[in-house]
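Next come the chains, spelled out residue by residue.
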Amino acid sequence: MKKCVIFDLDGTLADTSGDLIAAANACFEGMGEAVRLDPATDAGVALRGGRRMLTEGLTRAGRMDEDVVDAWYPHLLEHYGAAIDTHTRLYDGAVEAIEALRGADYAVGICTNKPEALAQVLLERLGVRGLFGSLIGADTGPTRKPDVAPYWAAVEGCGGLREASLLVGDSDTDRKTAAAAGVPSVLVTFAPEGQAVRALNPEGVIDHFDELSGVVRRLIG
């Protein structure tokens, strides 16, 4: 059992917003709605997930309906899965930071609210699936973040110690998950939330992945 670093995926390891927004906009086109999300200004909406994007677009169109969101969510996943890595890029320094943690004998895994199959495909397309000892998605178990069960599953799945683990993320969801688990959180400022994550009072904040190893050592040794 090892000291352990668990990562969120969307907005933490990779900027997936462009492909997510393209999938949502394909749905709005299919509905016959004129509304479109803007990759330049709606990245934060995108990283909250597919249902959030559909809800936001329909609200702007004045046609918000939960039944419509439910009906179109599977179509959004189909569109997204068909073009999952067109615009998506890993954040600068992510691979090097993960490799440094592995080289220092930390276990590393992923706990994401993206459906597991899509997360698996994306990580494979980005060429980094083999860097992670575990992958827990929104539908791997019965609950998703900020419930602690997926986090613990990710820790245990990669051979990590619960009491010597932390979560790297980009949002209040990740902060709440770590707090519920009683472990430190490290939030990144290069996602759409930017420096605003500091107001969540995480135990650590990084502006670039080259800062991660030092913060991890400070928090869990």
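Reading the values: the criteria
Residues numbered from 1 in each chain as written. Predicted model: local features only at pLDDT ≥ 70, side-chain atom pairs only at ≥ 80, totals over all residues. Heavy atoms only, no water. Helix = DSSP H or I, 4+ residues; strand = E, 2+ residues; numbered from the N terminus. Contact = heavy atoms within 4.5 Å. Patch = residues over 30% accessible without salt bridge, like charges linked within 9 Å, V, L, I, M, F, W, Y side chains within 5 Å. Areas by Shrake-Rupley, 256 points an atom, 1.4 Å probe, with all protein chains shown as cover. Salt bridge = Lys/Arg side-chain N within 4 Å of Asp/Glu carboxyl O. Lys, Arg positive; Asp, Glu negative; His and termini not counted. Charge placed at Lys NZ, Arg CZ, Asp CG, Glu CD. Axes fitted to C-alpha atoms, helices over the stretch in contact; angles between N-to-C directions. Parallel < 35°, antiparallel > 145°, perpendicular 65-115°, else oblique. Left-handed = near helix turned anticlockwise from the far one by under 90°. Nonpolar A, V, L, I, M, F, W, Y, C, P; charged D, E, K, R; others polar. Buried < 20%, exposed > 50% of the residue type's maximum accessible area, 1.4 Å probe, protein only. Core = buried A, V, L, I, M, F, W, Y, C linked by side-chain atoms within 4.5 Å. Phe/Tyr/Trp six-rings, centres within 6.5 Å; stacked < 30°, edge-to-face > 60°. Lys NZ or Arg CZ within 6 Å of the ring centre and 35° of its normal.

Caption draft 1: The arrangement of the side chain of Arg 175 in detail. With respect to the secondary-structure elements, Arg 175 resides in helix α8 (residues 172-181). Once residues lying within four places of it in the same chain are set aside, the contact partners of Arg 175 are Ser 185, Leu 187, Leu 200, Asn 201, Pro 202 and Glu 203.

Caption draft 2: Up close: a negative patch on the surface. A cluster of like negative charges, contributed by Asp 92, Glu 96, Glu 99, Asp 210 and Glu 211, occupies part of the molecular surface. For Asp 210, the location among the structural elements is in the loop between β8 (204-206) and α9 (212-220).

Caption draft 3: Highlighting the packing of helix α3 (residues 50-60) against helix α4 (residues 66-82). Put simply, α3 and α4 touch, their axes get as near as 9 Å, and they point 125° apart. Taken together, the axis directions place α3 and α4 in an arrangement best described as oblique. The two elements α3 and α4 cross, and the hand of that crossing is right-handed. Each of Gly 50, Arg 51, Met 53, Leu 54, Thr 55 and Leu 58 in α3 lies in contact with α4, whose residues at this interface are Val 68, Val 69, Asp 70, Trp 72, Tyr 73 and Leu 76. By residue class, the composition of the contact of α3 with α4 is eight nonpolar, two polar and two charged.

Caption draft 4: Region of the structure containing the pattern of salt bridges. Applying the stated criterion to the full structure yields 14 salt bridges. Among the salt bridges present, the one from Asp 105 reaches Lys 2, with a minimum N-O distance of 3.0 Å. Taken together, the residues Asp 105 in the loop between α5 (94-103) and β4 (107-111) and Lys 2 in strand β1 (residues 2-7) connect sequence positions 103 residues apart. By relative accessible area, which is 46% here, Asp 105 ends up partly exposed. For the salt bridge of Arg 175 with Glu 203, the shortest nitrogen-to-oxygen distance reads 3.8 Å.

Caption draft 5: Local environment of the nonpolar core. Counting residues in each nonpolar core, the largest one holds 51 residues, and the members touching the most others are Val 5, Phe 7, Leu 13, Met 53, Phe 132, Phe 209 and Leu 212. Broken down by element, this core gets its largest block of residues, seven residues, from helix α1 (residues 17-31). In this structure Leu 13 touches Phe 7, Asp 8, Leu 90, Tyr 91, Ala 94, Ile 98, Ile 110, Phe 132 and Phe 209, once residues within four positions along its chain are discounted. In this structure, Cys 4, Tyr 151, Cys 158 and Ala 181 belong to the second largest nonpolar core, which totals 14 residues.

Caption draft 6: Representation of the packing of aromatic side chains in the model. A complete count under the given rule lists four aromatic pairs for this structure. Both rings, one in Phe 7 and one in Phe 132, keep their centres 6.2 Å apart while their planes meet at 75°; by these two values the pair is edge-to-face. You can see Phe 7 sitting in strand β1 and its partner Phe 132 sitting in the loop between α6 (116-125) and β5 (135-136), a full 125 residues away along the chain. Given a relative accessible area of 0%, Phe 7 falls into the buried group. On the basis of relative accessible area, Phe 132 is assigned to the buried category, the value being 5%. Between Phe 190 and Phe 209, the ring centres sit 5.2 Å apart and the planes meet at 50°, which makes this aromatic pair tilted. Of this pair, Phe 190 sits in the loop between β7 (185-188) and β8 while Phe 209 sits in the loop between β8 and α9; the two residues are 19 residues apart in sequence, bridging distant segments of the chain. Its relative accessible area of 22% is what places Phe 190 among the partly exposed residues. On the basis of relative accessible area, Phe 209 is assigned to the buried category, the value being 1%. Within the aromatic cluster, the residues linked to one another by ring pairs are Tyr 91, Phe 190 and Phe 209. Directly above the aromatic system of Tyr 73 lies the positively charged group of Arg 51, at a separation of 4.2 Å from the ring centroid.

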